[in-house]
Protein chains: 2
Amino acid sequence: MTTISEVAKAAGVSVSTVSHVLNKTRYVSPEKAKLVMEAVDEIGYIPNAVARSLKLSSTGTVGLVISAISNPYFSDIICAIEAECSKRGLIVFLCDTQDDPDRELELIRHLHQRRVDGIILAASGAPKKSLDYLFECDVPCVLVDRLSDDRFDQVGTDNTAAIRMLVDHLVTLHHQRVGIILGQPGFSTTVERTEAFRAAMAEKGIEVPHAFISNGNRSTADATASTHRLLELTEPPTAILASNNLAMIGAMRAIRERGLRVPADISVLGIDDFEWADYFEPRLTLMAQPCDEIGRKAADLLIARIGSKHRPRETVRLSPVLRVRESCGEAA
Amino acid sequence: MTTISEVAKAAGVSVSTVSHVLNKTRYVSPEKAKLVMEAVDEIGYIPNAVARSLKLSSTGTVGLVISAISNPYFSDIICAIEAECSKRGLIVFLCDTQDDPDRELELIRHLHQRRVDGIILAASGAPKKSLDYLFECDVPCVLVDRLSDDRFDQVGTDNTAAIRMLVDHLVTLHHQRVGIILGQPGFSTTVERTEAFRAAMAEKGIEVPHAFISNGNRSTADATASTHRLLELTEPPTAILASNNLAMIGAMRAIRERGLRVPADISVLGIDDFEWADYFEPRLTLMAQPCDEIGRKAADLLIARIGSKHRPRETVRLSPVLRVRESCGEAA
DNA sequence: CAAAAAAACGATTGCGCAAACGTTTCGATG
DNA sequence: CATCGAAACGTTTGCGCAATCGTTTTTTTG
């Protein structure tokens, strides 16, 4: 691997001149600049960004710490963040915590050792040691999706609006008995969606039986079991609201296992749109979270935070979009 | 940010002792080791991996250069690679080339500047400048999915086997007129699947009209248009084989637009399984590519390559799995 | 035409670390 | 009790670079 001093020697100039030519950090006469560029080409010099980072104490890297990168919702967010960071000349370290807080802390420590300029985090559940760590170490950080700590900038979907629009849609179609399949307990998204559901239903003057609210679904299997439980009730719901894509897959599975038709026998709708939704039956009525916007805004905020550590914190709630299809019909 | 020499001062030992304690690279008496560890805790020392990398000329990083990270197929591969690298103590830089060869070259140069230990690449189409670059610069590299250059280690699906199994399945169901919606022209996957399709059909003694082979579908929109063209034929195919997930989405869209039922009016099957496939109609018969295995093997090969630059190159073809569902019925 | 200012470039340091090399101490050995 | 060897630790260098500080040459100005 060649170094800057080899370039200097080949070009017959000093290392500082080479450096200044390559970084355009001070005037160098065209003749010398040409010599330098020729020497670079000739010996095939590739600047060493590691040495550069050490000297500049800035790496141009961002840690992206996601709780489950295989989840298509997060895939979309990762994609948007990568695109935005790339546009800004930053490069992304991708890490999957697998929803394990200990692993999350370990990964964040590792990223910190690598001196990432900042971190974008979809935090796991409690305990929130990693957030304490980030705060204490003063690492620029933006929280995405799960917004639970206003010591940091945060970007996510407006869950209250999302649920409210879904409930509106349900009530318009005369549904009164609505079951909801929620996600992992403890996540702020779960908490917010639960609260929003209760509130929105209450506003419509509808009382929700305790049994209609299914919390603690960590996997599609959990969601399947929960949905079965809902449908076994003597007075089962006429509609099921799946609060995320895992819940939806699980719910659809249960519905399929029971041989029910959607929306004839049961209405279904939920949160998290996906690309196939338009071409398969049942065509699911879904709230699309604004993944692109979330990703872009998260990158924006992080870059701003890296730029000035003492700017005021921001929490940004972006509006989801209801895609009305046919899985939610009129109540019987 | 604290440094190793501050730790040394706080512990009353030399920097080398601190270094050796932290890296366990030589014997240090328990007393001094304890002093060091206490000093580390007290002043909150975080080793600087950038400086370490510079000194060791090895970064413990891997570049993951993917042509479209939002594609669920690649998402799965990314997930598997991240998991395997993480297990081996490597961390992954994620880059999206958006199938642009120039961008690909630029990203690879950038990664090389950052002195990644190796690169895993899902290459874009021609021109293959980035491969030449990687080869000339002697960067450890593994190609995934698109295998077209045996200067490198390569891992992918056995496309010939995949197509053969699909054709077998079609022929078992008495289909003779089979249209195929292929992906981007120039990709080795496209070429291989085209060849395999011709060969497998020929083996069955079935002649494939030129119009049944639709090449050059760069997007779902292309695939939709191509499928429409296939279905407008005076003697249209009785089955459509979508050679990847984008082609499938496009095909399904066209079929839906024409109001056709699957499999009653037209049979459909393809490559690339997805999580929802079991719970929606039509339940698609699909070849699942072994994404987990591909990712794991790619990381394996890369680590081996990093370990010894002169080991023989390997090309690994992993077996896909046919998931028979109901979208492909008996031919009329 | 001397003095000052500006233009162009070079020598050197230090970023934080690993480890090669060097030093001290102390017990074993003849 | 000199000598040797090993155990335990310290001093120092150099990884490749950016940029500070310094030097030389050229131009401007009174």
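Every chain's residues receive numbers from 1 upward, in the order its sequence appears when written. A letter from A marks each chain and a number from 1 marks each ligand, given out in the order of writing. Given that this is a predicted model, residues contribute local features only at a pLDDT of at least 70 and side-chain atom pairs are listed and counted only at 80 or more, while totals for whole chains, interfaces and linings are drawn from all residues. Side-chain numbers here rest on the full set of heavy atoms in the structure, without hydrogens or water.

Draft legend 1. The overall build of chain A, seen in detail. A tally of regular secondary structure across chain A gives twelve helices and twelve strands. All radius of gyration figures rest on C-alpha atoms, and the globule criterion is 2.2 Å times the number of residues raised to 0.38. A globule of 332 residues ought to have a C-alpha radius of gyration of about 20 Å, yet chain A, at 26 Å, is considerably larger. In terms of principal-axis extent, the alpha carbons of chain A reach across some 90 × 40 × 30 Å. Categorising residues by exposure relies on relative accessible area from a 1.4 Å probe, with only protein chains included: less than 20% of the type maximum marks a residue as buried, more than 50% marks it as exposed, and the intermediate range marks it as partly exposed. The 332 residues of chain A split such that 55% are buried. Restricting to contacts in chain A with at least 6 residues of sequence separation, those with at least 24 account for 70%. The method behind every accessible area is Shrake-Rupley, applied with a 1.4 Å probe, and residues are considered shielded solely by the protein chains displayed. Accessible surface computed for chain A: about 14100 Å², of which carbon and sulfur atoms make up 50%. Secondary structure elements follow DSSP: runs of H or I no shorter than four residues count as helices, runs of E no shorter than two count as strands, and numbering proceeds from the N terminus. When checking whether two residues touch, look at their non-hydrogen atoms; a contact exists if any pair is within 4.5 Å.

Draft legend 2. Focus on the sheet that holds strand S11 (residues 315-318) of chain A. Read across the sheet, twelve strands follow the order S11(A)-S5(A)-S4(A)-S3(A)-S1(A)-S2(A)-S2(B)-S1(B)-S3(B)-S4(B)-S5(B)-S11(B) without closing on themselves; strand pairing throughout is mixed. Across the chains shown, the open sheet's two edge strands, defined by having one partner strand only, are S11 of chain A together with strand S11 (315-318) of chain B. Neighbour-to-neighbour, the strand axes of this sheet turn through a mean angle of 20 degrees, independent of strand direction. The pairing criterion is simple: DSSP has to find at least two bridges between the two strands. Inspection of the sheet shows strand S5 (residues 153-157) of chain B paired to S11(B) by four bridges, in the parallel sense. Its bridge partner being in S11(B), B:Thr157 is matched across the sheet by B:Leu318. Think of each axis as a best-fit line through the C-alpha atoms, taken over the contacting stretch in the case of a helix, with angles from 0 to 180 degrees between the N-to-C directions.

Draft legend 3. Spotlight on the interface of chain A and chain B. On the side of chain B, 53 residues touch chain A, which itself brings 53 residues to the contact. Two parts placed together each lose some accessible area under a 1.4 Å probe, and the buried area is that loss summed for both. Overall, the association of chain A and chain B removes approximately 5200 Å² of surface from exposure, summing both partners, and the carbon and sulfur fraction of that is 66%. Of all residues in chain A, A:Arg115, A:Trp276 and A:Tyr279 give up the largest surface area on contact with chain B, accounting jointly for 15% of the area buried on that side. A pair is scored as a salt bridge if a Lys or Arg side-chain nitrogen falls within 4 Å of a carboxyl oxygen belonging to Asp or Glu. For the pair chain A and chain B, the number of links is two salt bridges. For B:Arg256, the salt bridge goes to A:Glu281, with nearest N and O atoms at 2.8 Å. Sorting the residues of the side of chain A that touches chain B by element identifies helix H4 (49-56), helix H5 (72-87), strand S2 (91-96), helix H6 (101-113) and helix H11 (245-257) of chain A as the ones contributing at least two each. Each residue belonging to the side of chain A that touches chain B can be placed in one class, and the counts come to 26 nonpolar, 15 polar and twelve charged. Bridge count for S2(A) against strand S2 (residues 91-96) of chain B is three bridges, and the pairing is antiparallel. Gly is put with the polar residues, along with every residue not named as nonpolar or charged; the nonpolar set is Ala, Val, Leu, Ile, Met, Phe, Trp, Tyr, Cys and Pro, and the charged set is Asp, Glu, Lys and Arg.

Draft legend 4. Layout of the relation of the copies chain A and chain B. Least squares is the method used to superpose the copies, on C-alpha atoms of residues holding a pLDDT of at least 70 in both. Least-squares fitting of chain A to chain B yields an RMSD of 0.1 Å, with the transformation described by 0.0 Å of translation along the axis and a rotation of 180 degrees. What the superposition gives is, in effect, a two-fold axis relating one chain to the other. In this assembly, 100% of the residues forming the interface of chain A have copies in chain B that are likewise at the interface, indicating an isologous arrangement.

Draft legend 5. Broad picture of the pattern of salt bridges. For the coordinates displayed, the defined rule picks out 46 salt bridges over all chains. Between A:Lys34 and A:Glu38 there is a salt bridge; the shortest N-O distance is 3.2 Å. Here the residue A:Lys34 and the residue A:Glu38 both occupy positions in helix H3 (residues 30-43), the gap between them amounting to four residues, near one helical turn. A relative accessible area of 52% places A:Lys34 in the exposed class. For A:Glu38, a relative accessible area of 39% corresponds to the partly exposed category. A salt bridge links B:Asp149 to B:Arg151, with the shortest nitrogen-to-oxygen separation between them at 2.8 Å.

Draft legend 6. Broad picture of the domain arrangement of chain A. Domain boundaries shown here were taken from an automatic or database domain assignment. As far as domains go, chain A holds domain 1 (4-47), domain 2 (61-157 + 291-319) and domain 3 (159-289). A straight line from the C-alpha centre of domain 1 of chain A to that of domain 3 of chain A covers 63 Å.

Draft legend 7. How the structure looks around the protein's contact with DNA strand D. Whether a residue is near a molecule or strand depends on its heavy atoms: if one lies within 4 Å, it is near. Every one of the 26 residues lining DNA strand D counts as a neighbour, but A:Ile4, A:Tyr45, A:Arg52, B:Thr17 and B:Ser29 are closest to it. Considering DNA strand D, the proportion of its atoms within 4 Å of the protein that are sugar or phosphate atoms stands at 61%. Looking at the surface near DNA strand D, the elements that each hand over two or more residues are helix H2 (15-23) and H4 of chain A together with helix H2 (15-23) and helix H4 (49-56) of chain B. With four residues, H4(A) is the single largest residue contributor to the surface near DNA strand D. Of the residues in the surface near DNA strand D, the class split is ten nonpolar, ten polar and six charged.

Draft legend 8. Seen up close, the environment of B:Asn23. All names here are of chain B. Mapped onto the secondary structure, asparagine 23 falls in helix H2. Judged by relative accessible area, which is 32%, asparagine 23 ranks as partly exposed. Within 3.5 Å is the distance limit for a polar contact, defined as a pair of N or O atoms, with the added protein rule that one can donate a hydrogen and the other accept it, and that residues adjacent in sequence qualify only through two side-chain atoms. At a separation of 3.1 Å, a polar atom in the side chain of asparagine 23 contacts the side chain of arginine 52.

Draft legend 9. Representation of the protein's contact with DNA strand C. Around DNA strand C lies a shell of 26 residues, among which A:Thr17, A:Ser29, A:Lys55, B:Ile4 and B:Tyr45 are the nearest. Measuring from a phosphate oxygen of DNA strand C, one finds a side-chain N or O atom of B:Tyr45 at 2.3 Å. Contacts to DNA strand C include B:Asn48, whose backbone N or O atom sits 3.0 Å from a phosphate oxygen. The set of elements that each furnish at least two residues to the surface near DNA strand C consists of H2 and H4 of chain A together with H2 and H4 of chain B.

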